[in-house]
Amino acid sequence: MRETITVPVTTSTRYWSAIREAIRGSQRDFTEGSLGRAIVLLAIPMVLEMVMESLFAIVDVFWVAHLGADAIATVGLAESILMLAVCVAMGFSMSITAMVARRIGEKDPDGAATAAVQGLAAGIVAAAAMSIAGAAFAPRLLAAMGASPELIATGHSYTAIVLGGSMSVVLLYVNNAVFRGAGDAAIAMRVLWVSNLINLILDPCFIFGLGPLPKLGVTGAAVSTTIGRSIGVIFQFWILYQGSGRVKILARHLRLNTEIMLRLLRVSISGMFQYGISQISWIALVRMVSTFGSVAVAGYTVAIRIIIFAILPSWGFASAAATLVGQNLGAQKPDRAERSVWLTGFYNMLFLGAVAVVFIIVPEPIIRLFTNDPAVVPFGVDCLRIISYGNLAYAYGMVMVQSFNGAGDTLTPTIVNLFGYWLFQIPVAYALSFHTSLGSKGVFAAIPIAETAIAVVSIMLFRKGRWKLKRI
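Residues numbered from 1 in each chain as written. Predicted model: local features only at pLDDT ≥ 70, side-chain atom pairs only at ≥ 80, totals over all residues. Heavy atoms only, no water.

1. Details of the overall build of the protein chain
Our working rule: Put simply, DSSP H or I for four residues or longer makes a helix, DSSP E for two residues or longer makes a strand, and each gets a number counted from the N terminus. Atoms counted for the radius of gyration: C-alpha only. Globule rule: 2.2 Å times the number of residues to the power 0.38. Relative accessibility decides the category of a residue: with a 1.4 Å probe and only protein chains considered, values under 20% of the type maximum give buried, values over 50% give exposed, and everything between is partly exposed. The contact criterion used is simple: two residues touch if any of their non-hydrogen atoms lie within 4.5 Å. Per-residue accessibility takes into account occlusion by the displayed protein chains alone, with areas from the Shrake-Rupley method and a 1.4 Å probe.
Scanning the protein chain for helices and strands turns up 17 helices and zero strands. On C-alpha atoms alone, the protein chain measures out to a radius of gyration of 22 Å, which is about the 23 Å that the 2.2 N^0.38 rule sets for 472 residues. The principal-axis extents of the C-alpha atoms in the protein chain amount to approximately 75 × 55 × 45 Å. By the burial criterion, 59% of the 472 residues in the protein chain qualify as buried. The long-range fraction of contacts in the protein chain, counting pairs at least 24 apart against all pairs at least 6 apart in sequence, stands at 81%. Roughly 18,800 Å² of accessible area belongs to the protein chain as shown, and the carbon and sulfur atoms make up 68% of that amount.

As structure tokens, then:
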């Protein structure tokens, strides 16, 4: 008789098995089975995707920091302006993720592909207009942000290329929103791997003129980043049309559907306004910091890039919650959708809490990885430490906001943002920085104060459960 040998499956074995499946790409139905495993399978590639997205800014700042405070400030101001294009991209992304996730939950892949096409069409039109305007008015936009004449002279080319390339930014977000809504988070992750690898290689080459490439200084960072993002977009289109994911765009889908387009635009416009509120608030904060000089903006820019690098993985958790909410509402499982949000928020809190401990205890060595300028470092240290006090609030707040968006309810977080940022954060920052002795520290302190208030209000509204009734 042949003896049967049973190999025990340990927790560690299951954990590593889940990681491998998440990175490889899972074809599981996320409306069934273990919620914890579903979160892991979605969150890991989404976290890695967000890490890759943040690397664009981190890599640019790392190399540009070798060119001085004005170069760093150029990147900070231009990226702040670019956030307006990201607002549009995020608005479309929110509606596309929600609509695609809902159709996938309803087991309607054709409906998901049709929704994706409408989002891409709208995104291309909007991005083209922004690219042309951004490239044409780059010097004026820098001046409006408080840049000195010297900074405008050296940084207008960088700004023109970054803003002129906003088409690639919008399409990168929109296409990845399709993949995330469908549950193909691993595909979105691979796209960012490709884009960042190209940017990582080209950045020092164009900035410092390595090999046969010209020495472009800070402008070289814009060239390499735009090339990397554009190749990523081409890769996305290839995946969508050759059909290796859950959403495959066929010839019959390539037509405008007025009804779906209008529904998508209604949700998108609210989403754009939602994200735009927060980004305009960030621009206002940068403008306040700029009154304390280029070194203050440089310190703020370095610290914010580091914080984005740490917090964007948390947006991976939040995006996982949005996908689970959309798909489970489509499958008529609202209670499962709600449980996924609370569990994801808890995981996110553990992660960001650990990040906060590091940033609060040892901020200076982290800042000095990017700059040793004795005038810049103190501003960066203050910014990094002060903002990190709000990490636990960010953890739950971002998950709640993305969960509303995943349900197609972009209006609720828009209203919360309006009060939280424009009517609270900006006045607090102004009062603390210009009417107390805190100076730039007042601007930094306003960020965790406002984010904590937004998180508390979002949790209260989420518990009411009206988002479960949203149709999209």
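2. Some points on unusual backbone geometry
Across the chain, the bulk of peptide bonds are trans and the bulk of non-glycine residues have phi less than zero. A positive phi angle, close to 60°, is found at Lys107, a residue other than glycine. Take Lys107: its relative accessible area is 53%, and that puts it in the exposed class. Although it is not a glycine, Gln332 adopts a positive phi angle of roughly 60°. Looking at where Gln332 falls in the secondary structure, it is placed in the loop between helix H11 (294-330) and helix H12 (334-361). On the basis of relative accessibility, which here comes to 63%, the residue Gln332 falls in the exposed class.

3. Some points on the packing of H11 against helix H14 (residues 377-388)
Our working rule: Axis definition: a line fitted to C-alpha atoms, limited for helices to the stretch in contact. Angles are taken between N-to-C directions and run from 0 to 180 degrees. The labels follow the angle: roughly parallel below 35 degrees, roughly antiparallel above 145, roughly perpendicular from 65 to 115, and oblique for the rest. Should the near helix be turned anticlockwise from the far one by less than a right angle, the crossing is left-handed, and should it be turned clockwise, the crossing is right-handed. Residue classes follow a fixed rule: Ala, Val, Leu, Ile, Met, Phe, Trp, Tyr, Cys and Pro count as nonpolar, while Asp, Glu, Lys and Arg count as charged, and any other residue, Gly among them, counts as polar.
Here H11 crosses H14 at 40°, and the two axes come no closer than 7 Å. Relative to H14, H11 is oriented oblique. Judged by the sense of rotation from one axis to the other, the crossing of H11 with H14 is right-handed. Along the contact surface, H11 presents Val295, Ala296, Gly299, Tyr300, Ala303, Ile304, Ile306 and Ile307, while H14 presents Phe379, Gly380, Cys383, Leu384 and Ile387. Residues belonging to the contact of H11 with H14 are distributed by class as follows: 11 nonpolar, two polar and no charged.

4. A closer look at a nonpolar patch on the surface
Defined as follows: Candidates for patches are residues over 30% relative accessible area with no salt bridge; among them, like charges are joined within 9 Å and nonpolar side chains (Val, Leu, Ile, Met, Phe, Trp, Tyr) within 5 Å. The working definition used for a salt bridge is a side-chain nitrogen of Lys or Arg within 4 Å of a carboxyl oxygen of Asp or Glu.
On the surface, Val357, Val358, Ile361 and Val362 cluster together into a nonpolar patch covering about 330 Å² of accessible area. Assessed through its relative accessible area of 37%, Val362 is described here as partly exposed.

5. Description of helix H16 (residues 411-434)
To be explicit about the condition: What a helix is expected to span follows from its residue count: subtract one and scale by 1.5 Å.
With 24 residues, H16 should cover 34 Å at 1.5 Å per step; its first-to-last C-alpha distance of 33 Å lies within 8% of that length. Among all positions in H16, only Pro413, Thr414, Val416, Asn417, Gly420, Tyr421, Gln425, Val428, Ala429 and Ser433 are buried. Summarising the contacts, the buried residues of H16 are in contact with helix H10 (258-290), helix H15 (391-406) and helix H17 (440-464).

6. Side note on the packing of aromatic side chains
The following threshold applies: Pairing of aromatic side chains requires ring centres within 6.5 Å, counting the rings of Phe and Tyr and the six-membered ring of Trp. Pairs whose planes differ by under 30 degrees are stacked, by over 60 edge-to-face, and all others tilted.
What the rule picks out here adds up to 14 aromatic pairs. A centroid spacing of 5.1 Å and a plane angle of 80° characterise the contact between Phe62 and Trp63, whose relative ring orientation is edge-to-face. Cluster of aromatic residues (ring-pair linked, three or more members): Phe62, Trp63, Phe208 and Phe370.

7. A look at the pattern of salt bridges
Within the structure shown, the criterion is met by eight salt bridges. A salt bridge links Asp110 to Arg252; the shortest N-O distance between them is 2.9 Å. Taken together, the residues span a long stretch of sequence, with Asp110 in helix H4 (residues 109-136) and Arg252 in the loop between helix H9 (218-242) and H10 at a distance of 142 residues. Given the relative accessible area of 44%, Arg252 is considered partly exposed. Note that Asp335 and Lys468 form a salt bridge whose closest N and O atoms lie 3.8 Å from each other. With a gap of 133 residues between them, Asp335 in helix H12 and Lys468 in the segment after H17 connect regions that are remote in the sequence. What makes Lys468 partly exposed here is its relative accessible area of 22%.

8. Some points on the environment of Val59
Tracing the backbone shows Val59 in helix H2 (residues 35-64). Here Val59 falls in the buried class, since its relative accessible area comes to 9%. Put simply, Val59 and Thr225 are 166 residues apart on the chain and 9.5 Å apart in space, counted from C-alpha to C-alpha. Among all residues touching Val59, those that are not within four sequence positions of it are Asn199, Leu200 and Asp203.

9. Here's the deal with the confidence of the model for the protein chain
Do not read the fine detail of predicted coordinates wherever pLDDT is low. The test is simple: The pLDDT value expresses, per residue, how confident the predictor is, ranging between 0 and 100.
For the protein chain, mean pLDDT is 87; residues scoring 70 or higher make up 96% of the total. With pLDDT under 50 throughout, residues 1-9 is counted as low confidence; its partners more than four residues away or in other chains account for one contact.

10. A look at the packing of H12 against H14
Remark: H12 packs on H14, axes separated minimally by 8 Å, with the N-to-C direction vectors making an angle of 145°. As H12 packs across H14, the resulting crossing turns out to be left-handed. Judged by residue contacts, Ala356, Phe359, Ile360 and Ile361 of H12 engage Leu384, Arg385 and Ser388 from H14.

11. A look at the state of the cysteines
Put simply, the rule is: In what follows, a disulfide is any cysteine sulfur pair within 2.5 Å.
For the coordinates displayed, the defined rule picks out zero disulfides. No disulfide involves Cys87; its nearest neighbouring cysteine sulfur is the one of Cys383, lying 20 Å away. Using a relative accessible area of 0% as the deciding quantity, one classes Cys383 as buried.

12. Comments concerning helix H6 (residues 149-164)
Rules: Bend is computed residue by residue as the angle between axes fitted to the seven residues ending at the residue and the seven residues starting at it.
The end-to-end C-alpha distance of H6, which contains 16 residues, comes to 21 Å, matching closely the 22 Å that a straight helix rising 1.5 Å per residue would cover. For H6, the principal kink sits at Gly155 and spans about 55°. Buried within H6 we find Leu151, Ile152, Gly155, Tyr158, Thr159, Val162 and Leu163.

13. Thoughts on the side chain of Ser278
Note the following rule: What qualifies as a polar contact is a pair of N or O atoms within 3.5 Å, subject to a donor-acceptor requirement within protein and to the restriction that residues adjacent in sequence count only when both atoms come from side chains.
You can see Ser278 is positioned in helix H10. You can call Ser278 buried: its relative accessible area is 7%. Engagement of the side chain of Ser278 in a polar contact is seen with the backbone oxygen of Tyr275, the distance being 2.7 Å. Leaving out residues up to four positions away in the same chain, Ser278 has contacts with Asn417 and Tyr421.

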